[in-house]
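Commentary on secondary and tertiary structure
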Amino acid sequence: MAEYTIHINERTNAGKSLLKYLISLGVVVEKLKPRRKTGLDEALEDVKSGRVYHAESVDDMFKQILG
């Protein structure tokens, strides 16, 4: 038996209709959980949005952190 993975947009009428049709045929339908963000994903978002700080030296970094 072959296994296929398809992505259906359940927010559209066509997606809802297709899902109902597949269920009526007896096709096993599993809803996948959304993928969790990793630390790398969050770090890349920080870089894109500009939430990155620069320091000239270690002493400068501690001054920025501790105020």
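Structure first, text after, so check above.
Residues numbered from 1 in each chain as written. Predicted model: local features only at pLDDT ≥ 70, side-chain atom pairs only at ≥ 80, totals over all residues. Heavy atoms only, no water.

**Describing the overall build of the protein chain**
Just so we agree on the cut-off: Secondary structure elements follow DSSP: runs of H or I no shorter than four residues count as helices, runs of E no shorter than two count as strands, and numbering proceeds from the N terminus. Here the radius of gyration uses the C-alpha set of atoms, whereas the globule reference equals 2.2 Å times the residue count to the power 0.38. In this scheme, a residue with accessible area under 20% of its type's maximum is buried, one over 50% is exposed, and one in between is partly exposed, where area comes from a 1.4 Å probe on protein chains only. For the area figures, the Shrake-Rupley method with a 1.4 Å probe applies, and any residue is considered shielded solely by the protein chains shown.
Along the backbone of the protein chain there are three helices and zero strands. When the elements of the protein chain are put in sequence order from the N terminus, they spell out α-α-α. For 67 residues, the compact-globule estimate of 2.2 N^0.38 gives 11 Å, and the C-alpha radius of gyration of the protein chain, at 23 Å, exceeds that figure by more than 25%. Its C-alpha atoms put the protein chain at 65 × 30 × 15 Å along the principal axes. Counting the 67 residues in the protein chain, one finds 4% classified as buried. Split by element, the accessible area of the protein chain, about 7000 Å² in all, is 56% carbon and sulfur.

**Section: helix α1 (residues 13-24)**
We count it as follows: By this rule, a helix spans an expected 1.5 Å times one less than how many residues it contains. Each C-beta atom gives one direction from the helix axis, and the arc is the one those directions make.
For α1, with 12 residues, the first-to-last C-alpha span of 16 Å sits near the 16 Å given by 1.5 Å per residue. When α1 is considered as a whole, its buried residues turn out to be G15, L19 and L22. End-on view of α1: buried residues confined to an arc of 65°, all on one side of the axis. Relative to its buried face, α1 has exposed residues pointing more than 90 degrees away, namely N13, A14, K20 and S24. Following α1 by one or two positions, G26 has its phi on the positive side, about 90°.

**Looking at the layout of surface pockets**
Inclusion rule: The way it works is a 1 Å grid over only the protein atoms, where trapped points that fit a 1.4 Å probe form a cavity and open points with protein on both sides within 12 Å along at least five of seven lines form a pocket, and then any residue with an atom within 4 Å of a point lines it. Grid points are joined across faces, edges and corners, and a volume is the space filled by probe spheres set on the points. Amino acids are sorted into nonpolar (Ala, Val, Leu, Ile, Met, Phe, Trp, Tyr, Cys and Pro), charged (Asp, Glu, Lys and Arg) and polar (every other residue, Gly among them).
Size it by volume and the largest pocket reaches roughly 870 Å³. Contributing to the lining of the largest pocket are 18 residues, with Y4, I6, V28, V29 and E30 lying nearest its centre. Of the residues belonging to the lining of the largest pocket, the class tally is 11 nonpolar, three polar and four charged.

**Topic: the pattern of salt bridges**
Rules: Salt bridges are identified by distance alone: a Lys or Arg side-chain nitrogen within 4 Å of an Asp or Glu carboxyl oxygen.
Under the definition given, this model contains four salt bridges. Residue K31 pairs with E10 through a salt bridge whose shortest N-O separation is 3.5 Å. Separated by 21 residues along the polypeptide, K31 in the loop between α1 and α2 (39-49) and E10 in the segment before α1 bring together distant segments of the chain. Under the relative-accessibility criterion, E10 is labelled partly exposed at 37%. The shortest N-O distance in the salt bridge between R35 and D41 comes to 3.3 Å. Judged by its relative accessible area of 67%, R35 is exposed. Residue classification places D41 among the partly exposed residues on the basis of a relative accessible area of 21%.

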